[in-house]
Amino acid sequence: MDGAGMDTDLQTLLSDAAGGHRISEADALRLFGIRDRDLWKIAAAADEKRENVVGNAVTYVRNQNINVTNLCVNACGFCGFSKKPGDEGIYFHDRQAIEEKSRLAKSRGVSEICTVSGLHPAFTAQSYIDVYRWICEAAPGVHLHAGNPMEVAYAARQSSMSTKEVLSQMKAAGLASMCGTAAEILVDPIREKICPQKISTEEWIRIIREAHHLGIPTTATIMYGHCESDADRVRHLAILRQIQDETLGFTEFVPLSFVHMNTPIYRAGLARAGATGREDGLMVAVSRLFLDNFRNIQVSWVKEGIKMAQLGLLAGANDLGGTMYEESISKGAGATNTDYLDPAEMQRVAEDIGRSLCRRTTLYKKA
Ligand code: SF4
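Definitions and limits used
Residues numbered from 1 in each chain as written. Predicted model: local features only at pLDDT ≥ 70, side-chain atom pairs only at ≥ 80, totals over all residues. Heavy atoms only, no water. Salt bridge = Lys/Arg side-chain N within 4 Å of Asp/Glu carboxyl O. Helix = DSSP H or I, 4+ residues; strand = E, 2+ residues; numbered from the N terminus. Buried < 20%, exposed > 50% of the residue type's maximum accessible area, 1.4 Å probe, protein only. Near = heavy atom within 4 Å. Nonpolar A, V, L, I, M, F, W, Y, C, P; charged D, E, K, R; others polar. 1 Å grid on protein atoms, 1.4 Å probe; cavity = no way out; pocket = protein on both sides within 12 Å on 5 of 7 lines; lining within 4 Å. Points joined across faces, edges and corners; volume = space filled by probe spheres on them. Contact = heavy atoms within 4.5 Å. Polar contact = N/O pair within 3.5 Å; in protein donor to acceptor, adjacent residues only side chain to side chain. Core = buried A, V, L, I, M, F, W, Y, C linked by side-chain atoms within 4.5 Å. Arc of directions from axis to C-beta.

Trainee: Account for the pattern of salt bridges, naming residues and giving values.
Mentor: If charged atoms from side chains of opposite charge come close, those side chains can pair. Taken as a whole and assessed by the stated rule, the structure comprises 20 salt bridges. The partner of K198 in a salt bridge is E184, with the nearest N and O atoms 2.6 Å apart. Separated by 14 residues along the polypeptide, K198 in the loop between helix 8 (188-194) and helix 9 (201-213) and E184 in the loop between strand 5 (175-178) and helix 8 bring together distant segments of the chain. Overall, E184 belongs to the buried group, its relative accessible area being 8%.

Trainee: If you had to explain the site of the ligand to someone new, which residues and values would you point to?
Mentor: Every residue lining the ligand is accounted for by C72, N74, C76, F78, C79, F81, S82 and K198. For the shell around the ligand, the residue count by class is 5 nonpolar, 2 polar and 1 charged.

Trainee: Residues and numbers for the layout of surface pockets, please.
Mentor: Approximately 360 Å³ is the volume found for the largest pocket. Around the largest pocket, the lining comprises 18 residues; the ones closest to its centre are V54, R295, N296, L363 and Y364. Elements with a contribution of two residues or more to the lining of the largest pocket: strand 7 (250-257) and strand 9 (357-360). Taken together, the residues that form the lining of the largest pocket break down as 8 nonpolar, 6 polar and 4 charged.

Trainee: How would you summarise helix 6 (residues 149-158) if you had to cite specific residues and measurements?
Mentor: Since the α-helix advances by 3.6 residues per turn, residues separated by three or four positions end up pointing in the same direction. With 8 of 10 residues buried, helix 6 lies mostly within the body of the structure. Taken as a whole, helix 6 has its buried residues at P149, M150, E151, V152, A153, Y154, A155 and A156. Packed against the buried residues of helix 6 are strand 3 (112-115), helix 5 (125-138), helix 7 (163-173), strand 5 and helix 9. Between the side-chain oxygen at the start of helix 6 and the backbone nitrogen of M150 there is a gap of 2.9 Å, and the oxygen is on N148. Positive backbone phi, approximately 50°, marks S160, located one or two places after helix 6.

Trainee: Give a description of the nonpolar core that names residues and reports values.
Mentor: If you look at the biggest cluster of nonpolar residues, it comprises 108 residues, and the most contacted ones within it are L31, Y132, W204, L240, F253 and L289. Setting aside its immediate chain neighbours within four residues, L31 contacts L10, L13, L14, I23, I42, L282, V286 and L289.

Trainee: Go over helix 15 (residues 343-352), please, and point to the residues and values.
Mentor: If you check which residues of helix 15 are buried, you get P343, M346, V349 and A350. Projected down its long axis, helix 15 carries its buried residues within an arc of 120°, all on one side. Of the exposed residues in helix 15, those oriented more than 90 degrees away from the buried face are R348 and D352. Tucked inside the fold, the buried residues of helix 15 contact strand 1 (58-61), helix 13 (301-313), strand 8 (319-322) and strand 9. Looking at the residues trailing helix 15, positive phi occurs at G354, about 75°.

Here it is in structure tokens:
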């Protein structure tokens, strides 16, 4: 096929996708492979689809992170956050500290507290349940967005319980929605390279489904730009789309660009120095076009910086995530400026591209 033929073909694919047709894994793979100015066409189609699906508001949530501890029994190769016993810089927040942080969050007017931590060697299911209860009691009315399938699996293993039972008890303690992290890339040979101690793809899917069936919505994430291929990314997106078809339990999709600087896999030469700008742009745009059953695509200013995040808003994304007081996971991996983004700056970025900023709740209601 000559160049002009390819172009027509691409135009048809993009206008079909922008109009709401489901695209195939082969289509997504083709889009991820684009290296020239056609990238802007893909971004434009994704932006059009974003407008059709969710309108023109750029949303954000006012939230605060509380990482209870950075001590972790796992040693994921992309993680610059976790510490081992004897390392410098270990922290552990006790009940009093957690309650104080929760009260402070409430006084700052956040609508969401988010907590994810290292897998502390002494943690049991009860430890997670206690932490959730302390937060909810100290910050009544604030939405608790916490845990992830790895933490649920760990809590279950430590306490010889089923993951379903753990999730039910977490929900009873105040868990209102769960983070869809620990997904990384849902392709086992890649997981074996970057996080061999983490739960398998199958287990991640099972726990997410359990959460959704118990009425615990979750986010969906991908961590890309290390040693995965375009085909791995597509497989990952296909898994998310299939789960969403079944449960409608994902609130949003959050692409997380690999922050490489302080990570073991990068230092050992096993990972690239993160995604390029082309890849960051395509990840947002192709996700918007492929994930036709997701309303919300978030760009992470923590991972990408606000300038790339703004371009993401022109390539299919509609959400800027949280204001985030106290971010420490990306900071541990070497990212800078991760602590807090003032809504005034979000507003400047949104209005600069002719859109308005709108504060939302965790579940995308108007705040
Ligand atoms: S990514 Fe999570 S589970 Fe893996 S080492 Fe870091 S804190 Fe531990």
